[in-house]
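Residue-level structural notes
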Amino acid sequence: MTEVTTFTVFTYACLTAIVTGFGALPFLFVPNMTRRWLGISNAIAVGLMLAASFSLIYEGIGYSLFRVITGLLLGLIFIRVTQVKLSRYEHLRIGNLGGIDARKAFLIIGVMTMHSFTEGVGVGVSFGGGEELGQFVSAAIAIHNIPEGLAICLVVIPRGMTVVRAALWAVLSSLPQPLTAVPAFAFVEAFTPFLAVGFGFAAGAMIWMVFSELVPEAVEDSSPNTVGVTVTLSVALMIIFQEIIRS
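Quantities reported herein were computed from a predicted structural model and do not represent experimental measurements. (Residues numbered from 1 in each chain as written. Predicted model: local features only at pLDDT ≥ 70, side-chain atom pairs only at ≥ 80, totals over all residues. Heavy atoms only, no water.)

1. A short note on the overall build of the protein chain
As a reminder of what qualifies: Runs of H or I in DSSP of at least four residues are treated as helices and runs of E of at least two as strands, each being numbered from the N terminus. The contact criterion used throughout is that any non-hydrogen atoms of two residues lie within 4.5 Å. Only the protein chains shown count as cover for residues, and all accessible areas are computed by the Shrake-Rupley method using a 1.4 Å probe.
Secondary structure assignment for the protein chain yields 10 helices and 2 strands. The secondary structure elements of the protein chain, listed N-terminal to C-terminal, are α-α-α-β-β-α-α-α-α-α-α-α. For the protein chain, restricting intrachain contacts to residue pairs at least 6 apart in sequence, the fraction spanning at least 24 positions comes to 85%. Roughly 11800 Å² of accessible area belongs to the protein chain as shown, and the carbon and sulfur atoms make up 71% of that amount.

2. Remarks on the packing of aromatic side chains
Stated formally: Centre distance within 6.5 Å is the pairing criterion for rings of Phe, Tyr and Trp, where only the six-membered ring of Trp is used; planes under 30 degrees apart are then read as stacked, over 60 as edge-to-face, and the remainder as tilted. A simple rule labels every residue: compare its accessible area, found with a 1.4 Å probe on the protein chains alone, to the largest value its type can have, and call it buried under 20%, exposed over 50%, or partly exposed in between.
On inspection of all chains with the given rule, the structure shows 3 aromatic pairs. Here the aromatic rings of Phe78 and Phe201 are separated by 5.6 Å at their centres, their planes lie at 50 degrees, and the arrangement is tilted. Of the two residues, Phe78 is situated in helix H3 (residues 65-86) and Phe201 in helix H9 (residues 194-221); the sequence distance between them amounts to 123 residues. Owing to a relative accessible area of 42%, Phe78 belongs among the partly exposed residues under this scheme.

3. With respect to the nonpolar core
In plain terms, the rule: Throughout this description, the term nonpolar core refers to a set of buried Ala, Val, Leu, Ile, Met, Phe, Trp, Tyr and Cys residues connected via side-chain atoms within 4.5 Å.
Core analysis: the biggest nonpolar cluster contains 51 residues, and Met49, Ile108, Val111, Val156 and Met209 have the highest contact counts within it. Elements that contribute at least two residues to this core include exactly helix H2 (35-61), H3, helix H4 (99-127), helix H5 (131-156), helix H6 (163-173), H9 and helix H10 (224-246). Here this core gets 13 residues from one element, more than from any other, and that element is H9. With sequence-adjacent residues up to four places away left out, Met209 is seen in contact with Met49, Lys104, Leu107, Ile108, Val111 and Leu214.

4. Let's talk about the layout of surface pockets
This is how the line gets drawn: Space inside and on the surface of the protein is sampled on a 1 Å grid over the protein atoms alone, with a cavity defined as a set of points where a 1.4 Å probe fits but cannot get out and a pocket as an open set with protein on both sides within 12 Å along at least 5 of 7 lines; lining residues have an atom within 4 Å of a point. Grid points are joined across faces, edges and corners, and a volume is the space filled by probe spheres set on the points. Here the term charged refers only to Asp, Glu, Lys and Arg, the term nonpolar to Ala, Val, Leu, Ile, Met, Phe, Trp, Tyr, Cys and Pro, and the term polar to all other amino acids, Gly among them.
In this model, the largest pocket occupies a volume close to 560 Å³. As for the largest pocket, its lining consists of 22 residues, of which Glu59, Val137, Ala140, Ile141 and Phe199 are closest to the centre. If you list the elements that add at least two residues to the lining of the largest pocket, you get H2, H4, H5, H9 and H10. Residue composition of the lining of the largest pocket, grouped by class: 12 nonpolar, 7 polar and 3 charged. There is about 250 Å³ of room inside the second largest pocket. Lining the second largest pocket, in full, are Met114, Phe117, Thr118, Val121, Thr180, Phe191, Phe194, Leu195, Val197, Gly198, Phe201 and Ala202. Elements with a contribution of two residues or more to the lining of the second largest pocket: H4 and H9. Broken down by element, the lining of the second largest pocket gets its largest block of residues, 6 residues, from H9. Residues belonging to the lining of the second largest pocket are distributed by class as follows: 9 nonpolar, 3 polar and no charged.

5. Re the side chain of Ser222
When you line up the elements, Ser222 lands in the loop between H9 and H10. Not counting residues within four places of it along the chain, the set of residues in contact with Ser222 comprises Arg36, Gly39, Ile40 and Val227.

6. Points about the packing of helix H1 (residues 6-19) against H5
Formally: Orientation is described by axes fitted as lines to C-alpha atoms, over the contacting stretch for helices, and by angles from 0 to 180 degrees between their N-to-C directions. Any angle between 65 and 115 degrees counts as roughly perpendicular, while under 35 counts as roughly parallel, over 145 as roughly antiparallel, and the rest as oblique. In this scheme, a crossing is called left-handed if the near helix is turned counterclockwise away from the far one by less than a right angle; it is called right-handed if the turn is clockwise.
Contact geometry of H1 with H5 gives a least axis separation of 7 Å together with a crossing angle of 15 degrees. Put simply, H1 runs roughly parallel to H5. Note on packing geometry: the crossing formed by H1 with H5 is right-handed. Counted together, Thr8, Tyr12, Thr16, Ala17 and Val19 of H1 and Glu131, Gln135, Ser138, Ile141, Ala142, Asn145 and Ile146 of H5 form the full contact between these two elements. Classifying every residue of the contact of H1 with H5 by side-chain character gives 6 nonpolar, 5 polar and 1 charged.

7. Focus: the packing of H1 against helix H7 (residues 176-186)
Axis separation between H1 and H7 bottoms out at 8 Å; the angle between their running directions is 150 degrees. It follows that H1 is roughly antiparallel to H7 by the angle criterion. H7 is crossed by H1, and the crossing has right-handed handedness. Seen from H1, the contacting residues are Thr6, Val9, Phe10, Ala13, Cys14, Thr16 and Ala17; seen from H7, they are Gln177, Pro178, Ala181, Val182 and Phe185. Among the residues forming the contact of H1 with H7, the class breakdown is 9 nonpolar, 3 polar and no charged.

What follows is the structure in structure tokens.
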């Protein structure tokens, strides 16, 4: 059996990060964004993030229920404090976005970036069990990163960000994966206990983002019935997608 090297782990983790940018591809075929489309986009992002959040919670419970709940509460506190801090900066800009749009973009990118730290640890720990396991987990995370990149793009592109910039921001949100995968591989036993906290932290931040930022805006730009149907369908599709990955 071939010995796993840190370069191998780093390479696979980089690939999982790059794939996140594929979430921008659908927008190459959607040239015009109306207010109604903005509402539907937010609703789709809500469904994707909700399904991902509860998937993370159940994944983390397999390690430690207490650590998952601790991480969830820490994620809630962190994202709320971040929102309060950002509200003080009227001239915040991300790419060509400014004001409220820039703050929303920063929050969604920040939430996904926090989640990426845990995914990177997952890649590194999996390679500690052998190259075959590491390749499988890396492939699963890479595929899972596509809808996460889509969730980012659904928030920022309808607000005026270009497809290319959105794809780059999506990739940037996943850069923690190669940064944390290598040390996690080198010190598997030390990093494993933090997985449950990381899963809970990302889930708590995403759930807050969904109900505090995305749902109210989705209902404002589209009808409640449309939002409800869109969220339900996107949750269902995300669950099916995750089950296909696991099977």
